[in-house]
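Chain and residue survey
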Amino acid sequence: MANTKREKLFTEFPPVPTEKWEEVITADLKGADYERKLVWRTGEGFNVRPYYRAENLEGIRFLGSQAGEFPYVRGTRSHNRWRVHQTVEVKCPREANAEALKLLNSGVDSLGFSIAKEGFTAEELDQLLAGISIPAIEMVFCGAQTGSIAELVIAKLEKEGTASEAHVAFSIDPLVKGLSQKGDFCSPNGEKCFAKIASLIEKTREYKHIRIVTVSAGIFSNAGSTIVEELAFALSAGNDYIARLTDAGVDAELAARKLRFSFSVTSNYFLEIAKFRAARMLWANIVKGYNPSKNCACKMHIHARTADWNQTVYDPYVNMLRGTTEAMSATIAGVHSLEVTPFDAAFESPTEFSKRIARNVELLLKHESHFDQVVDPAGGSYYVENLTQSIAAEAWKLFLEIEEKGGYAEAYKAGFIKERVEASAAAKDKAIATRRQTLLGANQFPNFTEVAPKEITAEAVTRPAAEGNVLTPYRGAMAFEAMRLHVDRSGKQPKAFMLTCGNLAMARARAQFSCNFFACAGIRVQDNTFFKSIEEGVKAALESKAEIVVVCASDDDYAEAAPKVKELLAGKAIIVVAGAPACAPELEAQGITNFISVKSNVLETLKFYLKEMGI
């Protein structure tokens, strides 16, 4: 009966062909260019259409596979139970152990140990892991002398008889981390490094869940790369590892099983979901080319960490929201483990509160939102499937380009990787400066009354200088933050006054835009509803002692209003016109030269006004 009703319901709504949708869209555009108005050109190098239909899935070859099936687009497992990861900095082994035990009792089941101490001993390792049931959790070791730490950990596991059931990974990464931080290997051509890695792989040959190498792909993203570049460079590095390890005598299938990938996940919600799906597919096909005896060697082991790049030190609680959407992307996409970056990590050592909120983001997604109960919920979405295909295609092209240059290491040493990342970072910087890309609280919608607390230092907002052929991580908001911190620490409180006149609706809209504009530099703004006359507005502006007076009106009002405001101000404040009116040339001829609009470079414009005010 229900099926009959359903069939009748759908017969009342005949299918609408794409041509009909396009006709309606074209009519609504009223002559505007379809491609410019509705098609989004991503920073990854491909276009995104305004809508997708079933017909857009035609030609996508990976459709139809299930989770756990080659090429693993939909996941490497038949479930989506990711591990909740959090990192403990190890300075004192006993103190780190106490923190680790606390985390395990708080829902964490994947522990990262960042060893800050040189000369770490077996005794100290025992202290660090005391009371921890190793088979019940996952452990990842990074930091100082990770190769030596790996020897100690493996020896301990073998001694205790837990090596076969232990889930352990090591962040040994001379190709990505080594080259990006030092510009070269730890030894000539990396022979010593790869001999050490090969030795560790042989020692753990029979231990299926011990991974020796971690490809640190997040380095690219946090230095400003695109999603496609992060993926392509990671794939290239992974392939380079297999090639070099086979040269060192390691079987390619075994080498692939000993690799782990660590990606950054940004706020680009749908593209990040698609990135991880494309990553599994491309890596599966790369490993398949080495003719492994079983397809399970083609599975990509993915760890994700929410981005550092888009965190902000102003309005830092917004970072909680960023971390939440990023965590959603990663878990929907089916990563193996995830670490949410604490919201205050950009400007201080994370507090107990910030670390608790970070892990609770994941616990909420698991236990209240039940994300772990559904495998690849994005699968079948016309949009996500097309994004997956587009990202895979672009990443594969870049991967092949790197291979033509001799592989990852050769391409990196030739400067190709750094040049690509720096070009992408420069494009992002420009997009942020002009508000083509928004970072809430930094270049758009700032907290007007916020003043930087003492925890925010100049070092926290200063972009590190790049030296040599190395990748330098930074945060996209740094240029705005450095400017605003300079104002906060100047001892002055510059003010911008909104002189609203003429057409009320336009005056209010432009006042709101202008308040957001100037507040991004820490300039205090005084908004006003409306002035009945220009004389009344100028009088109030002068009484406010504002250094900047922003005339907010309609384009039709400016020809008369702006010159009158200038005359009445008599040079006692900087006059700014909100908008880009057609009468701008006439106003400029009268000495009114300052305009702000959606086309402004917000960063450079604000720096100009601060300089004019002597700040």
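The structure displayed is predicted, hence computed values, not measured ones.

Helix and strand content of the chain: 23 helices and 15 strands. Overall, the chain is about 85 × 70 × 50 Å in size when its C-alpha atoms are taken along their principal axes. Buried positions account for 54% of the 615 residues belonging to the chain. Intrachain contacts of the chain at a sequence separation of at least 6 include 77% that bridge at least 24 residues. Of the roughly 27500 Å² of accessible surface on the chain, a fraction of 52% belongs to carbon and sulfur atoms. In the chain, 73 side chains carry a positive charge and 77 a negative one; their mean positions are 2 Å apart.

So, about the sheet that holds strand 6 (residues 167-172). What holds strands together in a sheet is hydrogen bonding between their backbones, with the strands either parallel or antiparallel. In space, the 8 strands of this closed barrel follow the order 3-4-5-6-7-8-9-10, with parallel pairing throughout. Each strand of the sheet is rotated relative to its neighbour by a mean of 30°, with strand direction disregarded. With 3 bridges joining them, strand 6 and strand 7 (residues 210-216) adopt parallel strand pairing. Residue pairing for strand 7: Ile172 is matched across the bridge by Val213. Contacts from helix 10 (residues 227-247) reach strand 6, strand 7 and strand 8 (259-265) within the one sheet, and its direction differs from that of strand 8 by about 165°.

Simply put, the disulfide is a covalent bond whose two ends are the sulfur atoms of two cysteines. Evaluated as defined, the whole model comprises 0 disulfides. In this structure Cys515 is not part of a disulfide, and its nearest cysteine sulfur, from Cys552, lies 7.3 Å away.

The next subject is the pairing of strand 3 (residues 83-90). With respect to burial, strand 3 is a largely interior element, 6 of its 8 residues being buried. Pairing analysis gives 2 bridges linking strand 3 to strand 10 (residues 337-339), with the strands arranged parallel. Across the sheet, residue Arg83 finds its bridge partner in strand 10, namely Ser337. In this structure, strand 3 lies alongside strand 4 (residues 110-115), joined through 6 bridges in parallel fashion. Opposite Glu89, over in strand 4, you have Ser114 as the bridge partner. Of the crossover connections in this fold, the one passing from strand 3 over helix 4 (residues 93-104) to the parallel strand 4 is right-handed.

Ranked by internal contacts, the top residues of the largest apolar core, which has 122 residues, are Phe113, Leu128, Phe141, Phe263, Tyr408 and Ile417. Here this core gets 12 residues from one element, more than from any other, and that element is helix 12 (residues 269-288). Grouped together as the second largest cluster of nonpolar side chains are 59 residues, Ala433, Met478, Ala562 and Phe595 included.

Working definition: two side chains of opposite charge can pair if their charged atoms are close together. By the definition in use, this model includes 30 salt bridges. Arg244 is the partner of Asp240 in a salt bridge, and the nearest nitrogen-oxygen pair spans 2.9 Å. With Asp240 and Arg244 both in helix 10, this residue pair falls 4 residues apart, about one helical turn. The shortest N-O distance in the salt bridge between Asp555 and Arg510 comes to 2.8 Å. One end of the pair, Asp555, is in helix 21 (residues 555-569); the other, Arg510, is in helix 19 (residues 504-519), with 45 residues separating them in the sequence. Classification of Asp555 as partly exposed rests on a relative accessible area of 34%. Since its relative accessible area comes to 15%, Arg510 is described here as buried. Because the salt bridges share partners, they merge into one network encompassing Arg74, Arg277, Asp376 and Glu385.

Let us now look at unusual backbone geometry. In this chain, Phe70 is followed by Pro71 through a cis amide linkage whose omega measures 10°. Note that Pro71 resides in the loop between strand 2 (47-48) and strand 3. The phi angle at Asp376 is positive, at roughly 45°, despite the residue not being glycine. With respect to the helices, strands and loops of the structure, Asp376 is situated in the loop between helix 14 (352-367) and helix 15 (382-404). The buried category is assigned to Asp376, whose relative accessible area is 4%. Within the chain, Arg435 stands out as a residue other than glycine whose phi angle is a positive 65°.

Taking 1.5 Å of rise per residue, 16 residues should cover 22 Å, and helix 19 covers 22 Å from first to last C-alpha, within 8% of that figure. Taken together, the buried positions of helix 19 are Ala507, Arg508, Arg510, Ala511, Ser514, Cys515, Asn516, Phe517, Phe518 and Ala519.

On to the packing of helix 13 (residues 318-333) against helix 14. Interhelical geometry of helix 13 versus helix 14 gives an angle of 35° and a closest axis separation of 10 Å. Judged by the twist between their axes, the crossing of helix 13 over helix 14 is right-handed. On helix 14, the residues that touch Met320, Gly323, Thr324, Ala327, Met328 and Thr331 of helix 13 are Phe353, Ile357, Val361 and Leu365. Per-class residue counts for the contact of helix 13 with helix 14 are 7 nonpolar, 3 polar and no charged.

Let's shift gears to the layout of surface pockets. Counted as a void, the largest pocket has a volume near 1500 Å³. Around the largest pocket sit 45 residues that line it, and Thr87, Asn222, Arg305, Asp308 and Glu339 are the ones nearest its centre. Those elements that place two or more of their residues in the lining of the largest pocket are strand 3, strand 4, strand 5 (138-143), helix 7 (174-182), strand 7, helix 9 (218-222), strand 8 and strand 9 (302-306). At 5 residues, the largest contribution of residues to the lining of the largest pocket is made by strand 3. Along the lines of polarity and charge, the residues of the lining of the largest pocket split into 16 nonpolar, 20 polar and 9 charged. For the second largest pocket, the calculated volume is near 820 Å³. If you trace the second largest pocket, you find 30 residues lining it, with Asn268, Trp309, Lys428, Gln437 and Thr438 closest to the centre. Of all the secondary structure elements, the ones that give two or more residues to the lining of the second largest pocket are strand 1 (40-41), helix 10, helix 12, helix 13 and helix 17 (416-433). Taken together, the residues of the lining of the second largest pocket sort by class into 10 nonpolar, 13 polar and 7 charged.

About the thresholds
Residues numbered from 1 in each chain as written. Predicted model: local features only at pLDDT ≥ 70, side-chain atom pairs only at ≥ 80, totals over all residues. Heavy atoms only, no water. Helix = DSSP H or I, 4+ residues; strand = E, 2+ residues; numbered from the N terminus. Buried < 20%, exposed > 50% of the residue type's maximum accessible area, 1.4 Å probe, protein only. Contact = heavy atoms within 4.5 Å. Areas by Shrake-Rupley, 256 points an atom, 1.4 Å probe, with all protein chains shown as cover. Lys, Arg positive; Asp, Glu negative; His and termini not counted. Charge placed at Lys NZ, Arg CZ, Asp CG, Glu CD. Pairing = 2+ DSSP bridges. Axes fitted to C-alpha atoms, helices over the stretch in contact; angles between N-to-C directions. Disulfide = S-S within 2.5 Å. Right-handed = clockwise from strand over helix to strand, strands pointing away. Core = buried A, V, L, I, M, F, W, Y, C linked by side-chain atoms within 4.5 Å. Salt bridge = Lys/Arg side-chain N within 4 Å of Asp/Glu carboxyl O. Expected span 1.5 Å × (residues − 1). Left-handed = near helix turned anticlockwise from the far one by under 90°. Nonpolar A, V, L, I, M, F, W, Y, C, P; charged D, E, K, R; others polar. 1 Å grid on protein atoms, 1.4 Å probe; cavity = no way out; pocket = protein on both sides within 12 Å on 5 of 7 lines; lining within 4 Å. Points joined across faces, edges and corners; volume = space filled by probe spheres on them.

The analysis is restricted to geometry; functional conclusions fall outside its scope.
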